[in-house]
Amino acid sequence: MKKTLTAIATATLAFAGLATASTSAQAEGENFVLISHAPDSDSWWNVIKNAIKVAGDQMDVNVEYRNPPTGDLADMARIVQQTAASNPDGIIVTIADFNVLKGPIEDAVAKGIPVITINSGTVEQSHELGALMHVGQPEYDAGFGAGKRMAAKGVKSFLCVNHYITNPASVERCRGFAEAIGTDLGDQMIDTGLDPSEVKNKVSAYLNAHQDVGAILALGPNSAEPTLDALRELGMNGAIPFGTFDLSAKIADGIKKGDIDFAIDQQPYLQGYLPAVILTNYVRYGVLPSGDINSGPGFITKDNIGLVEKYAGEYR
C-alpha cells in the first residue's frame, strides 16, 4: 500500500511538473501579426494598434503590426508572403483587394497558419480564402444606412469623397449610399488621394462646379477633415448635410458644432482586440466562436458624442 501511495505521489509530481512546463511555455507568448493595407499617414489605425497592445498584454502574447508604408497593395501582398514564411502562430489581415491578396492569404492558410480577416472585405470572401472568421463592418450596408439617413432629409444628390479609391471596400460605401437615396453613383464620387491639401482643393472645386450637391459623405478622417476645412472656407459648414465614416478628435468637434451630422462607427478597437484574443484561445485550447462578428455600423451624432469623444483615437 505504501509503495502504491508513493507511486501515485511520484506520478502526481511528474504531472505537476509537466503542467508547470506547459504554463511556462504559454507564458512566453504566442506570436501573431496584424497586417493592414493602411499607409503610415493614416492615423485611424492608431486605435487598432492600441487594441492589439491591450490584447497582447492581457493574453500574454506578442502581436506585431505591419503595413505597406505608402498603402501600396502589391507591397501589402509581399508583406503577407513574408509574414507567412516566418511561421507566426496566427495572422490577422485585411482583405483590401481580394484579387491581389487571394494568393498570399490562401498560401498562409495552406501552411496551417490560422488566419482571421478584419476590416475590409466581406464574410463571403473571408470564407473563400479559408480564414477562420471575419471581424468587420459590412461596407455596403454601412453606406446604405448612411444614405437612408440622408434620404430622410430629402437628399437626392451627393458628393462622396474617396481618399482611398484603390480599396474596393471604399467604393462599396459610396455605392450603398447612392442606392439608398435612389441615384446612380456616377461622377458623384471623386478620387482625392491622401494629401490633405489635394483633398481640400478637389472638394472645393467640385462644390463650386456643382451648386446643387445635396449632401457629402466622407470615408474617414483623411477625407473628412480636409472636407470640413473646405466647407468652412466656403462658408457652407452646417448648411449642407455632411456624414463621414469613422471618428477623430476633429470629427467629434465638428459633430458638436453641428458641422457634421454623423460619423459611422465601425468600432476599430474590436477589430484589433477580438482577433488577438480569439487566436490566442484557438491556438491554446482549440476553441473558436461559431460565427463571424460585425463590429459596426453604429452612428455617432450630437446626441451621443459625449459618450465616445474622450476615447477618440484610442478606443473609439
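Small disclaimer: the values here were computed from a predicted structure and weren't measured. (Residues numbered from 1 in each chain as written. Predicted model: local features only at pLDDT ≥ 70, side-chain atom pairs only at ≥ 80, totals over all residues. Heavy atoms only, no water.)

K.L.:
Just checking my understanding: could you explain the side chain of Gln 271 for this structure?
P.N.:
With respect to the element layout, Gln 271 can be found in helix 11 (residues 268–285). Residue class for Gln 271 comes out buried when judged on its relative accessible area of 0%. Within the structure, Gln 271 has its side chain in polar contact with the side chain of Gln 266 (distance 2.7 Å). Apart from the residues lying within four places of it in its own chain, the contact partners of Gln 271 are Trp 44, Ile 48, Ile 118, Asn 119, Val 135, Gly 136, Gln 137, Gln 266 and Ser 295. (Helix = DSSP H or I, 4+ residues; strand = E, 2+ residues; numbered from the N terminus. Buried < 20%, exposed > 50% of the residue type's maximum accessible area, 1.4 Å probe, protein only. Polar contact = N/O pair within 3.5 Å; in protein donor to acceptor, adjacent residues only side chain to side chain. Contact = heavy atoms within 4.5 Å.)

K.L.:
What's the story with the nonpolar core in this structure? I'm lost.
P.N.:
A general tendency of soluble globular proteins is for nonpolar side chains to be buried together. Core analysis: the largest hydrophobic core is formed by 26 residues, its most contacted members being Leu 34, Ile 116 and Tyr 273. Elements represented by at least two residues in this core include exactly strand 1 (31–35), helix 2 (46–59), strand 2 (62–66), strand 4 (115–119), strand 5 (133–136) and helix 11. Ranked by residues supplied to this core, first place goes to helix 2 with seven residues. In terms of nonpolar packing, the next biggest core, distinct from the first, is built from 25 residues, Leu 159, Tyr 206, Ile 300 and Ile 305 among them. (Core = buried A, V, L, I, M, F, W, Y, C linked by side-chain atoms within 4.5 Å.)

K.L.:
Would you take a moment to explain the environment of Gln 266 for this structure?
P.N.:
Among the secondary structure elements, Gln 266 is positioned in the loop between strand 10 (262–265) and helix 11. A relative accessible area of 1% means that Gln 266 is categorised as buried. Along the sequence, Gln 266 and Ala 218 sit 48 residues apart, while their C-alpha atoms lie 14 Å from each other. Every residue in contact with Gln 266, bar those within four places of it in the chain, is listed here: Trp 44, Asn 119, Gln 137, Glu 139, Arg 173, Asp 246, Gln 271, Ser 295 and Gly 296.

K.L.:
Where do I start with the pattern of salt bridges in this structure?
P.N.:
When their charged atoms lie close together, side chains carrying opposite charge are able to pair. Under the definition given, this model contains 15 salt bridges. Note that Asp 253 is salt-bridged to Lys 257, the shortest N-O span being 3.1 Å. Here the residue Asp 253 and the residue Lys 257 both occupy positions in helix 10 (residues 249–257), the gap between them amounting to four residues, near one helical turn. The partly exposed category is assigned to Asp 253, whose relative accessible area is 25%. (Salt bridge = Lys/Arg side-chain N within 4 Å of Asp/Glu carboxyl O.)

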